Amino acid sequence: MKRVIIMRGIPGSGKSTRARELVGEGIIHSTDDLFMVDGKYKFNPNLLGRNHSLNLSNFEDSLEKELSPVIVDNTNVRHRDYKEYVTRAAEFGYDVQYEVLPLIDVKIAVERNTHSVPEFAIQRMIDLWQD
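Before going into details, it helps to say that this report is about the structure given with it. (Residues numbered from 1 in each chain as written. Predicted model: local features only at pLDDT ≥ 70, side-chain atom pairs only at ≥ 80, totals over all residues. Heavy atoms only, no water.)

1. Focus on the packing of aromatic side chains
Okay, so step 1: All chains considered together, the criterion is met by four aromatic pairs.
Okay, so step 2: Through a chain of ring-to-ring contacts, three or more aromatic side chains come together here, namely Phe35, Tyr41 and Phe43.
Okay, so step 3: Taking the ring centre of Trp129 as reference, the NZ or CZ of Arg8 above it sits at 4.3 Å. (Phe/Tyr/Trp six-rings, centres within 6.5 Å; stacked < 30°, edge-to-face > 60°. Lys NZ or Arg CZ within 6 Å of the ring centre and 35° of its normal.)

2. Some words on the sheet that holds strand β6 (residues 95-100)
Okay, so step 1: Strands sit in the order β2-β5-β1-β6 across an open sheet of four strands; the sheet is parallel. The open sheet terminates on both sides in strands that have one partner only, identified here as β2 (27-29) and β6. Across the sheet, the mean angle from the axis of one strand to that of its neighbour is 20°, orientation sign disregarded.
Okay, so step 2: Bridge count between β2 and strand β5 (residues 70-72): three bridges; the pairing is parallel. Bridge assignment links Ile27 to a residue of β5, and that residue is Val70.
Okay, so step 3: Across the sheet, helix α2 (residues 48-64) lies against β1 (3-8), β2 and β5, angled at about 160° from β2, the strand it touches most.
Okay, so step 4: The sheet strands contacting helix α3 (residues 79-91) are β1, β5 and β6, and the helix crosses β1 at an angle near 170°. (Pairing = 2+ DSSP bridges. Helix = DSSP H or I, 4+ residues; strand = E, 2+ residues; numbered from the N terminus. Axes fitted to C-alpha atoms, helices over the stretch in contact; angles between N-to-C directions. Contact = heavy atoms within 4.5 Å.)

Written as structure tokens, this is what we have:
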């Protein structure tokens, strides 16, 4: 069975750690990886749309190669954030599973997240969260 796993959780919730536990012989696609410059995370809001599109394109390439599992390691706060991934997975005959990490306290999330996402941004994600 070909599987796509959609990770959902705020920064600092453990998404990437859990994705690494699940990946096995598959592949992880994360928009965050596209902000890496010389081994360091450098967020640029002007590149956000482009990087999300590129991540989706890379994801589609993995589906075409029939890799499994193919993991999408983005925050995926709202349903629309991962809708295109689910649509593409269905087009390629993949079973879609969701790995939803519990919402954690914003202060803990700020301490744990590895990309220095500020408290106000994490709080906004919590406020926008859709079950």
